[in-house]
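Examining the three-dimensional arrangement
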Amino acid sequence: MARYKLDITKEHCPMTFVKTKVELAKLKQGDLLEVILQAGEPLENVPKSVIEQGDKILETNLIKDNIYTIFIEKN
Amino acid sequence: MNLNEEQIERYSRHILLSDVGLEGQEKIIKSSVLIIGAGGLGAPVAFYLAAAGVGTIGIIDGDVVDRTNLQRQILHFTPDIGKAKVISAKEKIEQLNPEIRVNAYQDLVSASNIRDYISEYDFIIDGTDNFPTKFLINDACVLEKKPFSHGGILRFSGQTMTYTPGNTCYRCVFNSPPLPNAVPSCSQAGVLGAIAGMLGTIQAAEALKYLTGVGDLLTNKLYYFDALKNDYRTINLNKSDNCAVCGTRPTITELQDIELPACDLH
């Protein structure tokens, strides 16, 4: 199991999920991807799309003002 | 292959589609399509295939841009009048997407050259304006085992079908070119410009679906629409055992040119 990290705080919808999807495509099943993203639209929509394509959200944490980190396990 | 940052942005709306995704986009980039005719149908097809990132696009047409083309042939602009259509088309689609390779052939397809042209490509688009060439494209694609999209427009209506090897071909359905007096003459036939776009974009979508392997193609089906009455229908077709080119005892095993007057409608 490998761990990867992606910062999409500067992206806007839908590039937030596009970048996440592209990164996830490079991973193997069971690998973890930590995605740093903004509160609001990205935090609402990126996890939804991740779940829709069959991957798993393990954790969501607030790391500083309006910035969250989510941990995705690739299916 | 790995898409670079610019490609990820350019093709982001394809990447988002679960049926296309990165994998499908990579297939599109590696593929090649030959568009026969750079007119009413060929122009929108070339536009969307270039935008989609089809890696190699071949365009074949012997004509130059004429003022009468501009009402529907959306790759050609007023300053292009007099320029070879394939050059005009190449210039536009290379601006749209500089990543793709465009092969411009200022030539007419004939029995002697068509098999060489199509053999280089993954998918063929019929964007021609006359029946003899439509039958020539069909027969060549059957003999070369190449998939192609047939398209035809007239007045307010259009029709299209997709051939893939082993399925119903254009000749299974239409048998042979109609006699010249059975079809509207050049002076009787007009076409609403937007009809060319409606039909051409269906052909472009069929090509992209074939290249990515997504969805159901218009194989063994004829899609027909009459925009005047907003009548859209899909007609099921059957492969014919008696077809002269793909039947059980084919009589067409080599290509021959048929001379019939063309109508400049495409």
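Our subject is the structure listed above.
In this report, we go over the structure that sits alongside the text. Remember, predicted model here, so these are calculated numbers, not experimental data.

What counts and how
- Residues numbered from 1 in each chain as written.
- Chains lettered and ligands numbered in written order.
- Predicted model: local features only at pLDDT ≥ 70, side-chain atom pairs only at ≥ 80, totals over all residues.
- Heavy atoms only, no water.
- Patch = residues over 30% accessible without salt bridge, like charges linked within 9 Å, V, L, I, M, F, W, Y side chains within 5 Å.
- Areas by Shrake-Rupley, 256 points an atom, 1.4 Å probe, with all protein chains shown as cover.
- Salt bridge = Lys/Arg side-chain N within 4 Å of Asp/Glu carboxyl O.
- Helix = DSSP H or I, 4+ residues; strand = E, 2+ residues; numbered from the N terminus.
- Buried < 20%, exposed > 50% of the residue type's maximum accessible area, 1.4 Å probe, protein only.
- Disulfide = S-S within 2.5 Å.
- Contact = heavy atoms within 4.5 Å.
- Buried area = accessible area lost by both parts, 1.4 Å probe.
- Phe/Tyr/Trp six-rings, centres within 6.5 Å; stacked < 30°, edge-to-face > 60°.
- Lys NZ or Arg CZ within 6 Å of the ring centre and 35° of its normal.
- Pairing = 2+ DSSP bridges.
- Axes fitted to C-alpha atoms, helices over the stretch in contact; angles between N-to-C directions.
- Parallel < 35°, antiparallel > 145°, perpendicular 65-115°, else oblique.
- Left-handed = near helix turned anticlockwise from the far one by under 90°.
- Nonpolar A, V, L, I, M, F, W, Y, C, P; charged D, E, K, R; others polar.

Residues B:F156, B:L192 and B:L228 make up a contiguous nonpolar surface patch of roughly 270 Å² in combined accessible area. Assignment of secondary structure puts B:L192 in the loop between α8 (170-174) and α9 (193-212).

Right, let's talk about the pattern of salt bridges for a bit. Here the idea is simple: oppositely charged side chains can pair when their charged atoms come close. For the coordinates displayed, the defined rule picks out 12 salt bridges over all chains. Linking B:E5 and A:K19 is a salt bridge whose minimum nitrogen-to-oxygen distance equals 3.2 Å. Taken together, the positions of B:E5 in helix α1 (residues 5-10) and A:K19 in helix α1 (residues 15-25) put the pair across two chains. A residue is classified by how much of its surface remains accessible, and B:E5, at 47% relative accessible area, is partly exposed. A salt bridge links B:K134 to B:D126, with the shortest nitrogen-to-oxygen separation between them at 3.2 Å. B:D126 carries the same exposure label as B:K134, and that label is buried.

What we call a disulfide is simply a covalent bond connecting the sulfur atoms of a pair of cysteines. Residues and elements named next belong to chain B. Inspection of every chain in the model, using the stated rule, returns zero disulfides over all chains. We note that C141 lacks a disulfide partner, and the nearest cysteine sulfur, in C169, lies 10 Å from it. Judged by its relative accessible area of 0%, C141 is buried. For the unlinked cysteine C246, the closest cysteine sulfur is that of C172, found at 3.3 Å. When its relative accessible area of 16% is taken as the criterion, C246 is described as buried.

This part is about the interface of chain A and chain B. The interface of chain A with chain B comprises eight residues on the first partner and 11 residues on the second. Across the chain A/chain B interface, buried area totals approximately 810 Å², and carbon plus sulfur atoms make up 78% of it. Viewed at the interface, chain B and chain A are joined by one salt bridge.

Another aspect to go through is the packing of aromatic side chains. Residues and elements named next belong to chain B. Evaluation of the coordinates by the stated rule reveals seven aromatic pairs over all chains. Aromatic side chains F123 and Y210 sit 5.3 Å apart centroid to centroid with 40° between the ring planes, which places their arrangement in the tilted category. Of this pair, F123 sits in strand β4 (residues 123-126) while Y210 sits in helix α9; the two residues are 87 residues apart in sequence, bridging distant segments of the chain. Taken together, the ring pairs in this structure connect F135, Y170 and F174 into an aromatic cluster. It is K92 that lies over the ring of F77; its NZ or CZ is 4.4 Å from the centre.

Looking now at the sheet that holds strand β1 (residues 3-7) of chain A. Residue and element names in this part refer to chain A. The sheet built from four strands is open, its strands ordered β1-β2-β4-β3 with mixed pairing. Both edges of this open sheet fall to β1 and β3 (56-64), since each of them pairs with a single strand only. Within the sheet, the average angular offset between the axes of one strand and its neighbour, ignoring direction, is 20°. Of the strand pairs in this sheet, β3 and strand β4 (residues 67-73) are connected by seven bridges, and their pairing is antiparallel. Bridge pairing in β4 links N61 to T69. Along the sheet, α1 contacts β1, β2 (32-38) and β4; its crossing angle with β2, the most-contacted strand, is approximately 170°.

Residue and element names in this part refer to chain B. In spatial order, the strands read β3-β2-β1-β4-β5-β6-β7-β8; together these eight strands make up an open sheet with mixed pairing. Looking along the sheet, the strands with just one partner apiece sit at the ends: β3 (101-105) and β8 (231-236). This sheet shows a mean twist of 15° between the axes of neighbouring strands, independent of strand direction. Alignment of strand β5 (residues 148-154) against strand β6 (residues 157-163), held across seven bridges, turns out to be antiparallel. Its bridge partner lying in β6, I153 is registered against G158. Across the sheet, helix α4 (residues 42-52) lies against β1 (32-36), β2 (56-60) and β4, angled at about 165° from β1, the strand it touches most. Lying on the sheet, helix α7 (residues 131-144) is in contact with β1, β4, β5 and β6; it crosses β5 at an angle near 170°.

All names here are of chain B. Mapped onto the fold, G152 is located in strand β5. For G152, a relative accessible area of 15% puts it in the buried group. Between the C-alpha atom of G152 and that of G40, which follows or precedes it by 112 residues, the distance is 10.0 Å. Sequence-distant contacts of G152, that is, excluding residues within four places in its chain, are made with L41, K134, S157, G158, Q159 and L199.

Let us now look at the packing of α1(A) against helix α2 (residues 41-52) of chain A. Residues and elements named next belong to chain A. Between α1 and α2, the least distance of the axes is 9 Å, while the angle of their chain directions is 40°. Between α1 and α2, the interaxial angle falls into the category oblique. You can see that α1 and α2 cross each other, and the crossing is right-handed. Here T16, F17 and T20 of α1 lie close against α2, whose contacting residues are P42, V46, S49 and V50. Within the contact of α1 with α2, the residues separate by chemical class into four nonpolar, three polar and no charged.

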